[in-house]
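Structure at a glance
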Number of protein chains: 2
Amino acid sequence: MAELQLRSPGRQPTIRDVAELAGVATSTVSRALSNPGRVNRVTRERIEEAAAQLNYIPSSQARGLSSGRTQTVAVLVPDITNPFYFDIIRGTQHQLKAAGYTQLLVDTEESAEMEADALQKMRRSADGFILAASRLTDAQLAEAAAQQPLVTINRAPAIAPTVVIDTPSAIIQALEHLVSLGHTRICFVGGPATSWSNAKRWQAFQEETAERKLTTFSVGPFPPKTTSGAAAADAAVHTGATACIVFNDLLAIGMLQRLRERGIRVPEDMSIVGCDDIFGADFCNPPLTTMASPIEQAGRVAVSMLLSSLNPQYGGTSRRLAVMPTHLTVRASTGAAPER
Amino acid sequence: MAELQLRSPGRQPTIRDVAELAGVATSTVSRALSNPGRVNRVTRERIEEAAAQLNYIPSSQARGLSSGRTQTVAVLVPDITNPFYFDIIRGTQHQLKAAGYTQLLVDTEESAEMEADALQKMRRSADGFILAASRLTDAQLAEAAAQQPLVTINRAPAIAPTVVIDTPSAIIQALEHLVSLGHTRICFVGGPATSWSNAKRWQAFQEETAERKLTTFSVGPFPPKTTSGAAAADAAVHTGATACIVFNDLLAIGMLQRLRERGIRVPEDMSIVGCDDIFGADFCNPPLTTMASPIEQAGRVAVSMLLSSLNPQYGGTSRRLAVMPTHLTVRASTGAAPER
DNA sequence: CAATTTTTGGCAATCGCTTGTCATTGTCGT
DNA sequence: ACGACAATGACAAGCGATTGCCAAAAATTG
């Protein structure tokens, strides 16, 4: 009777139960399950059958403890409710799942501190990190990258492997588009000061306007939310610009709403170009001209880069930089410059 | 020299290092950190200081292995890119984090199979589950609930503890609103057949239209995506209805786009009421009349319910049902019925 | 057919922590 | 001042896997 009690019925089956049922040692079960080549085919099949019969699922805890790998990757995003990140998240999720990894999603709430904190707290529980639009300083990032494998998205490639979405080149396309519509007073509406993308976009904007001998206007920084759109719109209007290139779609959509409230017609009185082509950009009013890119793919690529550095054997010369192309999607929020 | 080599410098500090530095046994460190009352205050402070000095982070793996608890809750949603779930996710994330839990987010891609699968695969690695808009059958759900602690969102309360968003009552408000605008031919545009919410909404719709002696129209089921909106719009128009109550906002927004394409004016020719008040409902064209509710709070409440069943000591009589209120938010997509 | 190499599978240590048990110490009541 | 009791901290046994090492068996070779 005592023996029967030893293994209480509600218990989860362990590798030992499987080994017993299959008549082999636990080490063999372990190998059969995670290192198929190492075990005879018939033995393996017997083990697999036993495992299936017991409905055995290995404990990731125990596995992680002894192997040192958790098969988990943490994905840090500044704002989980910003649609821009949905596609990234979906991309990473897909790719990680396909590789047998678990995704740990963390919302860092646009805070560098929370980001650094999460990086510390989770260094034991994740094999690697993907930082989307990190708000860390270069120094912080370098420190983090030295401690653990990590891939960034939209960040300078010098510090860590990165996937950048080539919005600067799209800025040029956008400017060209606006200039061709007759605009000469074009305003850049800036996003978060700590955002690397924002800096790059602003830089591209400055260079290109200088090139074209246009006066350079800018307002900002603004938090990348629709609710900041009102302030952004008012500031932009005040510059006297007839067109805006906006840090991202969220902000642009907020501006659209405010301009409508104020009776400023888009695009008749003011043209607006957003960035990212997020969910909503196609059905807002008017539909937003914006810079689109394969964001989901950016997430996928980031995962590939991370995994290939995590598992060097699977090779794939681990690149340090991937650039995602971008193109301008023209909708109804841009039009000819108003007559002066 | 050998001793120095034993602890390689790049290693993560363990509880043993802390114990050594503080001059106590590992068990004492463990207790000091996770069971404060069990250890003298000065000892505890010494330990905490040592831990801080070493930058010690306990391994969640090891902790989970020996304690049997993972401090992790898995949140399963049918579609991670559906904005409806953002707020749920954010709510659960907040509440879980506050309680020291980690959230594991899983996208089940609207598939009952993937859902059941995730539930199985993760039963070892999560202490509990939150199923948002589960697509499981009652039987599957009951089985899952028997195996592990779980809370559902928008699901029949009989099977497992649940948080329901009271959209059926909002359906009544919506009908009242439409009737007051003179509509008599009102069509219900259905969502996924396996969705419990959809069934409840449809039921409420039927009962209420019967009550008011209105003809009951319906079309569907449609997948809850904007891309299904075109088919839904065409079908709804074909019924001859002058107003639609749509399963959710995603679908409703898709319909809005299609109606616009076809030159059917909203609300002059057709009124549309959505459901959930998701991101985008306020800035689509025209802004959508919809049924709003505190969705983020629903996520929070679900977590509370789950945690109180996980940690009975923290008490809080664990309710089996929480109902979130809903109200109609009238925007521009509803208007007076057209003259016949 | 003996000698050698390759496969295969078992033993047992180990990962880092929790926790039941127990010995030690200090505090009280009488 | 002595025994009872509470408070504190140490010991050591796991938790469920992985993996280095080794021996037995099988396959290959000369």
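Residues numbered from 1 in each chain as written. Chains lettered and ligands numbered in written order. Predicted model: local features only at pLDDT ≥ 70, side-chain atom pairs only at ≥ 80, totals over all residues. Heavy atoms only, no water.

Another point: the sheet that holds strand β9 (residues 271-275) of chain B. All names here are of chain B. Reading across the sheet, the 6 strands line up as β7-β6-β8-β9-β10-β12 and stay open at both edges, with mixed pairing between neighbours. Looking along the sheet, the strands with just one partner apiece sit at the ends: β7 (216-219) and β12 (327-329). If you compare each strand with its neighbour and ignore which way they point, the axes differ by 25° on average. Packing of helix α10 (residues 196-211) onto the sheet brings it into contact with β6 (186-189), β7, β8 (243-246) and β9, and relative to β7 it is tilted by some 155°. (Pairing = 2+ DSSP bridges. Helix = DSSP H or I, 4+ residues; strand = E, 2+ residues; numbered from the N terminus. Axes fitted to C-alpha atoms, helices over the stretch in contact; angles between N-to-C directions. Contact = heavy atoms within 4.5 Å.)

Before going further, it helps to spend a moment on the pattern of salt bridges. Summed over all chains, the structure comprises 34 salt bridges over all chains. Salt-bridge contacts for A:Glu261 lead to A:Arg258; the nearest nitrogen and oxygen are separated by 3.3 Å. Taken together, the residues A:Glu261 and A:Arg258, both in helix α12 (residues 249-261) and 3 residues apart, mark about one turn of the helix. A relative accessible area of 60% places A:Glu261 in the exposed class. Each of A:Asp79, A:Asp107, A:Lys225 and B:Arg90 takes part in one network of salt bridges that share partners. (Salt bridge = Lys/Arg side-chain N within 4 Å of Asp/Glu carboxyl O. Buried < 20%, exposed > 50% of the residue type's maximum accessible area, 1.4 Å probe, protein only.)

All names here are of chain A. With respect to topology, 6 strands assemble into an open sheet ordered β2-β1-β3-β4-β5-β11, the strand pairing being parallel. One side of each edge strand has no neighbouring strand; the edge strands of this open sheet are β2 (102-107) and β11 (321-324). With strand direction ignored, the average angle separating the axes of adjacent strands in the sheet is 15°. Along the sheet, helix α13 (residues 295-310) contacts β1 (72-77), β3 (128-132), β4 (150-153), β5 (162-165) and β11; its crossing angle with β4, the most-contacted strand, is approximately 160°.

Taken domain by domain, chain A consists of domain 1 (2-58), domain 2 (70-165 + 295-322) and domain 3 (167-293). Distance between the C-alpha centres of domain 1 of chain A and domain 3 of chain A: 60 Å. (Domains from an automatic or database assignment.)

All names here are of chain A. Residues Leu150 and Thr152 line one face of β4 and the alternating positions Val151 and Ile153 line the opposite face, and both faces are buried. Of the strand pairs in this sheet, β3 and β4 are connected by 4 bridges, and their pairing is parallel. Within β4, the position partnered with Phe129 by the bridge is Leu150. For the segment spanning β3, helix α8 (residues 138-147) and β4, crossover handedness is right-handed. (Right-handed = clockwise from strand over helix to strand, strands pointing away.)

All names here are of chain B. Of note, Glu207 is situated in helix α10. A relative accessible area of 47% means that Glu207 is categorised as partly exposed. When the C-alpha atoms of Glu207 and Ile172 are compared, they prove to be 9.4 Å apart, with 35 residues separating the residues in sequence.

Once that is clear, we can look at the protein's contact with DNA strand D. In the vicinity of DNA strand D there are 28 residues, among which A:Ile15, A:Ser30, B:Ala25, B:Arg38 and B:Thr43 approach most closely. Those atoms of DNA strand D that come within 4 Å of the protein belong to sugar or phosphate at a rate of 55%. Between a phosphate oxygen of DNA strand D and a side-chain N or O atom of B:Thr28, the distance comes to 2.7 Å. Note that a phosphate oxygen of DNA strand D is positioned 3.0 Å from one of the backbone N or O atoms of B:Asn40. For the surface near DNA strand D, the secondary structure elements donating two or more residues are α3 (26-34) and α5 (60-67) of chain A together with α3 (26-34) and α5 (60-67) of chain B. It is α5(A) that provides the largest number of residues to the surface near DNA strand D, a total of 5 residues. Looking at the surface near DNA strand D, its residues break down into 9 nonpolar, 12 polar and 7 charged. (Near = heavy atom within 4 Å. Polar contact = N/O pair within 3.5 Å; in protein donor to acceptor, adjacent residues only side chain to side chain. Nonpolar A, V, L, I, M, F, W, Y, C, P; charged D, E, K, R; others polar.)

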